Amino acid sequence: MTDGVALENDADTEAAPAQLSEYPLEFSGTGGEFFRIWIVNIALSVITLGIYSAWATVRTRRYFYGKTTLDGTPFQFTARAIPILIGRIIAFAIFGFYSYLSTFNPGYAIGFLIFVILPLTPWMIMKSQKFRARYSSWRNIPFRFTGTYGDALVTYVLIPVGMVFTLYIILPLFWKESAKYQFNNLYYGKQQFAFDKDRKGFWSTFWYAVLIFFGFVLLITGLTVLLSSVFKGTQLPETLAGPGVVIFVLLIYLPFFLIAFFVQSRLFNAVLGGVSFGPGQFAANMPTWGWMWLQITNILMLVFTLGIAYPWVKVRTLRYKIRHLSVLANAALLFEAAGDEDDVGAMGAELASDFDFDISLF
Amino acid sequence: MDWLSATYYSGGSSAPVAVGIRPAGDLLELKGPDGVKQIARDDITVEPPLAGMPQHLRLPGGAQIEVDGSVDISPWFSTHSRLERFVNWLERRWPIAIASLAITVVTVWALYTFALPAAATLAADAMPMSWKRSVSEQSVKMLRQLGFFSSRIDEARQEAIRERFAPMVAKLDNPEQYSLEFRRAPVIGPNAFALPGGRMVVLDALVELTQEDDEIVAILAHELGHAYHQHPMRMALQSSALGIITTVAVGDASGLASVPLIGLQANYSREFESEADDFAIAALREAGISPQALANAFTRLRDELNIKDEETSFLSSHPALEERILKAAKAAKAGAAEK
């Protein structure tokens, strides 16, 4: 499986479609194993009042990276905890200051939000991407992210602001632009990733979601009218009032969850299926119903165990995603590291890397 | 020692190279296609062990060796992390996982119940008066937006209540920081509350409900207790601290917007209520008013809320209110016996 046919060798038979072979992408984490890692690290974080949480994050990410293998080799998360801790302290300080302002001076708080947090958001997104890429590696070659502040500003501030003024009808544009930002700026060594600019599936996902939403509105309205005419005048026993309210609330929320799951699975396929890299590409085939069922059972597991099932939920979700993602290539997965000459353009990032920190809150 | 089979990655290319490694004195011997190389072990960094996964050795110059995780090779190297090796030891044991769950629950509970209120009290004491005033201004602005109007209680009654209340305030340190306002808020019903910074607001519906001035003064004494103990500010600090912690932990800032409303919701803990009650009982006695007035006012409120609003009565903690009525009544009896 690992011996794909290299195109370069067949220079004479030009235009012959290259044979794509699949390279196994596997996730082998288990819920029980991750539960022990998760809870031990949470306990340590709590008793150190959050300071250890940066080390906990590193170990958790190392677990998920390490349990994911491509062509038999695990991914590696190579970041150190200290920069993550610094990022966390900065985030804590910013939100603390905002909270202070909104308590003592809401007028300034809104100004702070618009003139400080908003312009800072693209920078934080860009910085987090750079950090993550830089400290993710496979076969001892790290990823790189070269996205700019300007592109992040357009993608994550201007388009979202535009969405507000267009009743969110340009949401698909946002999905597509963020996919472009994430992947067109991503490198593995010298190899750049590319997102197919003609990739379909964003607008159709959006309109299907809108249709499903109105379908639910009709259904619930119809049901309400029907039920109220059937039970008109009958006094329901009071013991039914409690469960009745619960069922009603669930009925109201369920459509939103289902629509969100629908969108998630369609976007997974639309985004990841549109990513290619030199000799290869990703293929994504996540079934919508399967994903919905997975997510509904995830919610039930979390609710009925008061959150203790989280590690199992996390593991089975990732396993499901990886199972429906494959890596195809027409040549062996052989890549070169970015030499120093390639790094000249990334001077700024390199310069900043001494002060690298991860501000992402997740 | 036997060669341990491993994979070598140069760092320049992703091509894997099968190698063998073994420790030899201060050195690590590396057997590859080009023969055996020796590397000083002190120059090698090793990844801390995790879940029995492959471990990576970082060689000087950027190359890396991947070793399957069945043997923890970190003790071969002086650069290994003691802390993380200990954490790895913890992570592999189920009894420790169960104990960690218990430790987490108990610690979070203790932080929430003891450490957070204590920190809030310290901060409220240390906070400059001007900050408290500005919070109070914010609350008043918000009250106006919520539909708080000028009071319709006639001036003479307002004055009479103020006159009876004033001596209680005068006895405290810095009496000038406390102030009392009458307001009308049809949407809220009979209520009174203390805002951060010493401002107290009493609503017309409450004044109308409590026929006797003693009763309204008793309620005001209770609110003064909240103000004296800085409960509104302590509550606000606790909730905003919780807000920041959950925001940073969960990564969503929507929880922060609601902070200025605190003090209006006035969902005080039992401890705060009982502190305010104790203050009120003592203040009433000193002013020569029987604490029975407080019991009566609470009873009236309870009956009013019961009749008017079944939903509220379902949510409010009734046994607690009953206890408080009994406590005030008992204090009244004890006071009467002394005389």
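The structure displayed is predicted, hence computed values, not measured ones. (Residues numbered from 1 in each chain as written. Chains lettered and ligands numbered in written order. Predicted model: local features only at pLDDT ≥ 70, side-chain atom pairs only at ≥ 80, totals over all residues. Heavy atoms only, no water.)

Asks: Would you mind showing me how to read the interface of chain A and chain B here?
Replies: Think of interface size as the accessible area that goes away when the parts come together; that is how it is often given. With 49 residues of chain A in contact, the opposing surface of chain B contributes 56 residues. Buried area between chain A and chain B, summed over both chains or domains, comes out near 4400 Å², and the portion from carbon and sulfur atoms is 67%. For the chain A face of the interface with chain B, the top three residues by lost area are Arg-59, Phe-104 and Asn-140 of chain A, together amounting to 16%. The interface formed by chain A and chain B contains four salt bridges. A salt bridge links Glu-47 of chain B to Arg-62 of chain A, with the nearest nitrogen and oxygen atoms 3.9 Å apart. On the surface where chain A and chain B come into contact, there are 15 residue pairs in polar contact (both at pLDDT 80 or more). Looking at the side of chain A that touches chain B, the elements with two or more residues in it are helix 1 (31-47), helix 2 (53-66), strand 4 (73-77) and helix 3 (81-104) of chain A. Broken down by element, the residue count for the side of chain A that touches chain B peaks at 13 residues, all from helix 1 of chain A. In the side of chain A that touches chain B, the residues fall into 30 nonpolar, eleven polar and eight charged. (Contact = heavy atoms within 4.5 Å. Buried area = accessible area lost by both parts, 1.4 Å probe. Salt bridge = Lys/Arg side-chain N within 4 Å of Asp/Glu carboxyl O. Polar contact = N/O pair within 3.5 Å; in protein donor to acceptor, adjacent residues only side chain to side chain. Helix = DSSP H or I, 4+ residues; strand = E, 2+ residues; numbered from the N terminus. Nonpolar A, V, L, I, M, F, W, Y, C, P; charged D, E, K, R; others polar.)

Asks: Explain the packing of helix 1 of chain A against helix 1 (residues 82-91) of chain B to me, please; I cannot follow it from the model alone.
Replies: The description of two helices packed together rests on the angle between their axes and the distance between the axes. Running from N to C, helix 1 of chain A and helix 1 of chain B point in directions that differ by 125°, and their axes come no closer than 9 Å. Considered as vectors, helix 1 of chain A and helix 1 of chain B are oriented oblique to each other. Of the two elements, helix 1 of chain A crosses helix 1 of chain B, and the hand of that crossing is right-handed. Between helix 1 of chain A and helix 1 of chain B, the residues in contact are Arg-36, Ile-37, Val-40, Asn-41 and Leu-44 of chain A and Val-87, Leu-90 and Glu-91 of chain B, respectively. (Axes fitted to C-alpha atoms, helices over the stretch in contact; angles between N-to-C directions. Parallel < 35°, antiparallel > 145°, perpendicular 65-115°, else oblique. Left-handed = near helix turned anticlockwise from the far one by under 90°.)

Asks: Even after reading the chapter, I still don't get the pattern of salt bridges, so can you show me in this structure?
Replies: Opposite charge on two side chains makes pairing possible when the charged atoms of those side chains draw close. Using the criterion set out here, one finds 20 salt bridges over all chains in the structure. Put simply, Glu-29 of chain B and Arg-22 of chain B hold a salt bridge, and the shortest N to O gap is 2.9 Å. With relative accessibility at 12%, the residue Glu-29 of chain B sits in the buried group. Classification of Arg-22 of chain B by relative accessible area gives partly exposed; the value is 24%. A salt bridge links Asp-303 of chain B to Arg-302 of chain B, with the nearest nitrogen and oxygen atoms 3.2 Å apart. Arg-302 of chain B gets classed as buried once you look at its relative accessible area, which sits at 18%. Look at the salt bridges and you will find they share partners, linking Arg-59 and Arg-62 of chain A together with Glu-47, Glu-84 and Glu-91 of chain B into a network. (Buried < 20%, exposed > 50% of the residue type's maximum accessible area, 1.4 Å probe, protein only.)

Asks: I tried to follow helix 9 (residues 288-304) of chain A on my own but got confused; where do I start?
Replies: Note: α-helices contain 3.6 residues per turn, so residues at a spacing of three or four share the same orientation. Residue and element names in this part refer to chain A. For helix 9, built from 17 residues, the straight-helix expectation of 24 Å at 1.5 Å per residue is met to within 8% by its first-to-last C-alpha distance of 24 Å. Those residues of helix 9 not exposed but buried are Trp-291, Met-292, Leu-294, Gln-295, Thr-297 and Asn-298. At the exit of helix 9 stands Leu-306, carrying a positive phi of roughly 55°. (Expected span 1.5 Å × (residues − 1).)

Asks: Honestly, the environment of Ala-119 of chain B in this entry has me stumped. Any pointers?
Replies: All names here are of chain B. Structurally, Ala-119 can be placed in helix 2 (residues 94-126). Accessibility expressed as a relative area gives 43% for Ala-119, which makes it partly exposed. Considering only alpha carbons, one finds Ala-119 and Trp-131, twelve residues apart in sequence, at a separation of 17 Å.

Asks: What's the story with the packing of helix 1 of chain A against helix 2 of chain A in this structure? I'm lost.
Replies: Residues and elements named next belong to chain A. Running from N to C, helix 1 and helix 2 cross one another at 170°; their axes reach a closest spacing of 9 Å. The angle between helix 1 and helix 2 falls in the class roughly antiparallel. For the pair helix 1 and helix 2, contact is made by Glu-33, Phe-34, Ile-37, Asn-41 and Ser-45 and by Ser-53, Ala-56, Arg-59, Thr-60, Tyr-63 and Phe-64, respectively. Of the residues assigned to the contact of helix 1 with helix 2, the class counts are five nonpolar, four polar and two charged.

Asks: Hey, could you run me through unusual backbone geometry in this one?
Replies: Comment: phi is negative for the bulk of residues other than glycine, and the bulk of peptide bonds are trans. Look at Leu-49 of chain A: it is not a glycine, yet its phi comes out positive at around 55°. Examined against the element boundaries, Leu-49 of chain A turns out to sit in the loop between helix 1 and helix 2. Within the chain, Gln-230 of chain B stands out as a residue other than glycine whose phi angle is a positive 60°. Along the chain, Gln-230 of chain B falls in the loop between helix 6 (213-228) and helix 7 (231-251).

Asks: Teacher, can you tell me more about the packing of aromatic side chains here?
Replies: Aromatic rings in a pair are described by how distant their centres are and how their planes are angled relative to each other. Scanning all chains against the criterion turns up 35 aromatic pairs over all chains. Ring geometry for Phe-35 of chain A against Trp-38 of chain A: centres 6.1 Å apart, planes inclined by 45°, an arrangement best described as tilted. Highlighted residues: Phe-35 of chain A and Trp-38 of chain A, both in helix 1, separated by three residues, approximately one helical turn. The pair Phe-35 of chain A / Trp-38 of chain A is uniform in exposure class, with both members buried. Relative to Phe-112 of chain A, the ring of Tyr-98 of chain A has its centre 6.4 Å away and its plane inclined at 20°; by these criteria the two rings are stacked. Placement of the pair is Tyr-98 of chain A in helix 3 and Phe-112 of chain A in helix 4 (residues 106-134), with a sequence separation of 14 residues. Of the two residues, Tyr-98 of chain A and Phe-112 of chain A, both sit in the buried class. Ring pairs connect the aromatic residues Phe-75, Trp-138, Phe-143, Tyr-188, Phe-193, Phe-277, Phe-282 and Phe-335 of chain A, which therefore count as one cluster. Its end group placed over the ring of Trp-3 of chain B, Arg-22 of chain B keeps NZ or CZ at 4.2 Å from the ring centre. Positioned over the ring face of Phe-298 of chain B is Arg-324 of chain B, at 4.6 Å from the centre of the ring. (Phe/Tyr/Trp six-rings, centres within 6.5 Å; stacked < 30°, edge-to-face > 60°. Lys NZ or Arg CZ within 6 Å of the ring centre and 35° of its normal.)

Asks: Can you walk me through the sheet that holds strand 5 (residues 45-46) of chain B in this structure?
Replies: By way of backbone hydrogen bonds, the strands of a sheet pair with one another, either parallel or antiparallel. Residues and elements named next belong to chain B. The seven strands lie next to each other as 4-3-2-1-7-6-5, forming an open sheet whose pairing is antiparallel. The open sheet has two free edges, formed respectively by strand 4 (35-40) and strand 5, since each of these has just one partner strand. Two strands pair when backbone bridges link them, and strand 1 (residues 4-9) and strand 7 (residues 64-67) are joined in this way by four bridges, in the antiparallel orientation. Looking at strand 7, one finds that Thr-7 is bridged to Glu-66. (Pairing = 2+ DSSP bridges.)

Asks: What am I meant to see in the nonpolar core here?
Replies: Among soluble globular proteins, nonpolar side chains are generally buried collectively. Ranked by size, the top nonpolar core spans 66 residues in total, and within it Tyr-63, Leu-70, Trp-175, Phe-193 and Leu-333 of chain A carry the most contacts. Excluding anything up to four places from it in sequence, Leu-333 of chain A contacts Tyr-23, Leu-70, Asp-71, Trp-138, Arg-139 and Phe-277 of chain A together with Ser-14 of chain B. Residues Phe-165, Ala-192, Phe-279 and Leu-294 of chain B belong to the second largest nonpolar core, which totals 41 residues. (Core = buried A, V, L, I, M, F, W, Y, C linked by side-chain atoms within 4.5 Å.)

Asks: How do you make sense of the pairing of strand 10 (residues 280-284) of chain A when you look at a structure like this?
Replies: On a regular strand, one side chain projects to one face of the sheet and the next to the other, so that they alternate. Residue and element names in this part refer to chain A. By the alternation rule, side chains of strand 10 split into Gly-280, Phe-282 and Ala-284, which are all buried, and Gln-281 and Ala-283, of which none is buried. Direction of pairing for strand 9 (residues 275-277) relative to strand 10: antiparallel, over a ladder of two bridges. Bridge pairing in strand 10 links Ser-276 to Gln-281. Remark: two residues form the turn of the hairpin made by strand 9 and strand 10, two consecutive strands paired antiparallel; Gly-278 in that turn has positive phi of roughly 35°. Here strand 10 runs beside strand 11 (residues 325-329); their pairing, made up of five bridges, is antiparallel. Residue pairing across strands places Ala-283 opposite Ser-326, the latter belonging to strand 11.

Asks: How should the environment of Pro-196 of chain B be read in this particular structure?
Replies: With respect to the secondary-structure elements, Pro-196 of chain B resides in the loop between strand 10 (192-194) and strand 11 (199-203). Excluding residues within four positions of it along the chain, Pro-196 of chain B makes contact with Lys-132, Val-135, Ser-136, Ser-139, Pro-232 and Met-233 of chain B.

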